[in-house]
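A look at the structure
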Amino acid sequence: MVKHWDLFLAPYKQAVEELKVKLKGMRAQFEMLGVHSPIEFVTGRVKPVASILDKAQKKNIPLDKLEEQMQDIAGLRMMCQFVDDIKTVVELLRKRNDFEIVEERDYITQKKESGYRSYHMVIRYPVQTICGEKKILAEIQIRTLAMNFWATIEHSLNYKYSGRFPEDIKVRLQRAAEAAYRLDEEMSKIRFEIQEAQAAFSRKQDAKGE
Ligand code: 0O2
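Per chain, residues are indexed from 1 in the order of the written sequence. For this predicted model, a pLDDT threshold of at least 70 governs which residues receive local features, and a threshold of 80 or more governs which side-chain atom pairs are given and counted, while totals over whole chains, interfaces and linings are taken from all residues. Side-chain measures here rest on the full set of heavy atoms in the structure, leaving out hydrogens and waters.

Taking an unreviewed UniProt entry as the reference, the protein chain is identified by name as GTP diphosphokinase belonging to Parageobacillus thermantarcticus. Recorded under Subunit (unreviewed entry), the UniProt text for the protein chain is reproduced unchanged: "Homotetramer." UniProt positions are given in the numbering used here, feature names are shortened, and annotations may be inferred rather than shown by experiment. In the Pathway (unreviewed entry) part of its UniProt record, the protein chain is described as follows: "Purine metabolism; ppGpp biosynthesis; ppGpp from GTP: step 1/2."

Here it is, written out as structure tokens:
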């Protein structure tokens with residue numbers, strides 16, 4: 001018998017799979033044109049049931065209101081090399097007509113107290129099912145590789161300490177966030193040298209037929 005959660009999560013799974021193909025397709029198009037891709041890689045996941053229940057409890061979301069009130073059951077991440085690429089990706093997403101943008105949260109100009117930086121876009125995405133169209137909410141997080149490195153480490157520590165970090169770890173994480181910010185700044189300054197080197201490298205690979 002299909003379980004209740006499987007039924008509930010099915011459209012979210014479908015949305016994540018479809019959006020992964022579509023967003024990865026954007027990168028492939030840049031590659032095909034032989035120009036710098038603002039998208040380095042794309043990942044996606046459906047929030048595990050235990051995390052859904054956890055978040056619902058923390059944010060006082062009734063289980064029968066998950067569809068409207070939990071925006072990141074379907075989650076996509078787009079990683080970029082440079083901070084400026086994030087803007088390009090956001091613009092590209094705004095131009096699409098296969099979903100509607102519900103909300104945008106800029107944690108890059110307004111970083112979170114933890115040190116977290118990322119650009120969040122909440123979308124309403126239509127999933128085609130055998131019972132008709134179902135619109136679900138999904139969250140796209142757009143961030144640099146450095147932002148992603150920090151967030152991934154912080155997320156696993158958060159899990160270990162259940163969000164209650166010892167003071168020294170909290171301070172170190174904030175310092176690490178500063179370092180990630182400076183790394184992004186430094187990389188932006190030598191962006192054109194990096195891109196030239198990458199273009200030369202890929203031309204060489206193409207010539208070798210790789
Ligand atoms: P998971 O495991 O990634 O799914 P809130 O959760 O209250 O801060 P809200 O309304 O859910 O806020 O929206 P927000 O902050 O735009 O998006 C929440 C998601 O952003 C989180 O999902 C994380 O993925 C990411 N995020 C937000 N703040 C932080 C942070 O300080 N550190 C890290 N590592 N990630 C963050 P979940 O459900 O927390 O977790």
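Picking up where we left off.
**Regarding the site of the ligand**
When at least one non-hydrogen atom of a residue lies within 4 Å of a molecule or strand, that residue is treated as near it. Taken together, 17 residues sit near the ligand, with Lys-47, Lys-55, Lys-112, Ser-114 and Glu-154 positioned nearest. In the model, an oxygen atom of the ligand is placed 2.7 Å from a nitrogen or oxygen of the Arg-45 side chain. Side-chain atoms alone can form a polar contact between residues adjacent in sequence; in general such a contact is a pair of N or O atoms within 3.5 Å, and within protein one must be able to donate a hydrogen while the other accepts it. Between the ligand and the protein, one listed contact pairs an oxygen atom with a side-chain N or O atom of Lys-47 at 2.5 Å. To measure how exposed things are, a 1.4 Å probe is used in the Shrake-Rupley method; for residues, cover is taken only from the protein chains shown. Here the ligand has 720 Å² of accessible area as a free molecule, and 74% of this is covered by the chains. Contributions of two or more residues to the shell around the ligand are made by strand E5 (132-144) and helix H5 (145-161). Put simply, DSSP marks the helices as runs of H or I at least four residues long and the strands as runs of E at least two long, and each gets a number from the N terminus on. Among the elements that line the shell around the ligand, the one with the most residues is H5, at three residues. Side-chain classes follow a simple rule in which Ala, Val, Leu, Ile, Met, Phe, Trp, Tyr, Cys and Pro form the nonpolar group, Asp, Glu, Lys and Arg form the charged group, and the remainder, Gly included, forms the polar group. In terms of residue class, the shell around the ligand is built from three nonpolar, four polar and 10 charged.

**Some remarks on the sheet that holds E5**
Pairing between strands is defined by DSSP: at least two bridges between the two strands are required. Strand order in the open sheet formed by five strands is E1-E2-E5-E4-E3, and the pairing between neighbours is mixed. Either end of the sheet is taken by a strand with one partner, and the two such strands are strand E1 (41-46) and strand E3 (100-106). The sheet shows a mean angle of 25 degrees between the axes of neighbouring strands, direction not considered. Here six bridges tie E3 to strand E4 (residues 119-129), and the two strands are oriented antiparallel to one another. Lines fitted to the C-alpha atoms define the axes, with helices restricted to the stretch that makes contact. Angles between their N-to-C directions range from 0 to 180 degrees.

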